[in-house]
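Coordinates in review
Here are the chains, one letter per residue:
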Amino acid sequence: MTQLYDRLVNLIEPIISSLGLTLWGIEVPASPKGGKVRVFLDSEHGVTIDQCAEASRHISMLLDVEDPIPGSYVLEVSSPGLERPFFQFHQLADYLGQPVAATLKAPVQGSKKWRGTLLQAVDKKLTLQTESQTLTLDWEQIHKIHLVYTGR
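Residues numbered from 1 in each chain as written. Predicted model: local features only at pLDDT ≥ 70, side-chain atom pairs only at ≥ 80, totals over all residues. Heavy atoms only, no water.

Structural notes on the overall build of the protein chain
To keep things clear, this is the line we draw: For the purposes of this entry, the term helix denotes a DSSP run of H or I that reaches at least four residues, the term strand denotes a run of E that reaches at least two, and both are numbered from the N terminus. In this scheme, a residue with accessible area under 20% of its type's maximum is buried, one over 50% is exposed, and one in between is partly exposed, where area comes from a 1.4 Å probe on protein chains only. Contact definition: two residues touch when any of their heavy atoms are within 4.5 Å. Here the open area of atoms and residues is found with the Shrake-Rupley method and a 1.4 Å probe, where only the protein chains shown may cover a residue. The charge count treats Lys and Arg as positive and Asp and Glu as negative. His and the chain ends do not count. Taken as the charge location is NZ of Lys, CZ of Arg, CG of Asp or CD of Glu.
Tallying secondary structure elements over the protein chain gives 2 helices and 8 strands in all. For the protein chain, the sequential pattern of α-helices and β-strands runs α-β-β-α-β-β-β-β-β-β. In terms of its C-alpha atoms, the protein chain occupies a principal-axis envelope of roughly 50 × 35 × 25 Å. The buried share of the protein chain, reckoned over its 152 residues, is 39%. Of all intrachain contacts in the protein chain linking residues separated by at least 6 positions in sequence, the fraction that spans at least 24 positions is 54%. As displayed, the protein chain has an accessible area near 9100 Å², and 50% of this comes from carbon and sulfur atoms. Of note, the protein chain has its 14 positive side-chain charges centred 9 Å away from the centre of its 17 negative side-chain charges.

In structure tokens, the structure reads:
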């Protein structure tokens, strides 16, 4: 994770907790000139639009005061949704048996993109059952990973 990510988590997490929600993760702009900051919220009972709007107001005020993001940015606050992105390894444990799509930092067997069923997530290693093989990856190899909605 980056310094900006860590700083945003430290700033935003107390606000989210005070609203009775959990900070699922944050996507920060790749460009130093700014971009879109996405904040994902969750709770045991899901997240409503009103909760997202309230959190957005609080986060926006805090970011205006603290100004941790270089350049201009757009703040987006939402639930993780049906194709929930994973930001930390421990988040995978509740989704064993579910289809996921992963983009890797570097190719493995000639590919950076993998899709399969999440079979296991132990000791910072995850195992996917793809159409053709069982593949084990280190968490450090993952650039992005998210659930795949199948409509079932």
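With respect to the environment of Thr48
Position of Thr48 among the secondary structure elements: in the loop between strand E2 (34-42) and helix H2 (49-66). Residue class for Thr48 comes out partly exposed when judged on its relative accessible area of 42%. Here the alpha-carbon distance between Thr48 and Ser78, two residues 30 residues apart in the chain, equals 8.7 Å.

Points about the packing of aromatic side chains
Given two aromatic rings, one states the distance between the centres and the angle between the planes to describe the pair. Keep this limit in mind: Stacked, tilted and edge-to-face are the three classes applied to pairs of Phe, Tyr and Trp rings, where Trp contributes its six-membered ring and a pair requires centres within 6.5 Å; stacked means planes under 30 degrees apart, edge-to-face means over 60, and tilted covers the rest.
The final tally for this structure, using the stated rule, is 4 aromatic pairs. Taken together, the aromatic side chains of Trp24, Phe86 and Tyr95 make up a single cluster linked through ring pairs.

So, the sheet that holds strand E7 (residues 134-138)
Each strand in a sheet pairs with another by means of backbone hydrogen bonds, the pair being arranged parallel or else antiparallel. The cut-off we apply is this: For two strands to be treated as a pair, DSSP must find no fewer than two bridges joining them. In this description, a line fitted to the C-alpha atoms serves as the axis of each element, helices being fitted only across the stretch in contact, and the angle between N-to-C directions of two axes falls anywhere from 0 to 180 degrees.
Taken together, 5 strands build an open sheet; the order of strands is E7-E6-E5-E4-E8 and the sheet is antiparallel. The open sheet terminates on both sides in strands that have one partner only, identified here as E7 and strand E8 (142-147). When strand polarity is set aside, the average angle formed by the axes of neighbouring strands in this sheet is 40°.

Structural notes on unusual backbone geometry
If you check the backbone angles, Asp67 has positive phi at about 50° while not being a glycine. Positive phi, close to 55°, is recorded for Asp123, a residue that is not glycine. Mapped onto the fold, Asp123 is located in the loop between strand E5 (111-122) and strand E6 (125-129). Asp123 sits in the exposed class, given a relative accessible area of 67%.

A word on helix H1 (residues 3-18)
Basically, it comes down to this: Given the number of residues in a helix, its expected span is that number minus one, multiplied by 1.5 Å. The bend reported for a residue corresponds to the angle between axes fitted to the seven residues ending at that residue and the seven starting there.
Its 16 residues place the ends of H1 24 Å apart at the C-alpha level, agreeing with the 22 Å of an ideal helix rising 1.5 Å per residue. A maximum bend of about 35° is found in H1 at Ile12, where proline Pro14 lies one to four positions downstream. Turning to H1, its buried residues number three or more, namely Tyr5, Leu8, Val9, Leu11, Ile12, Ile15 and Ile16. Contact partners of the buried residues in H1: strand E1 (22-27), E2 and H2.

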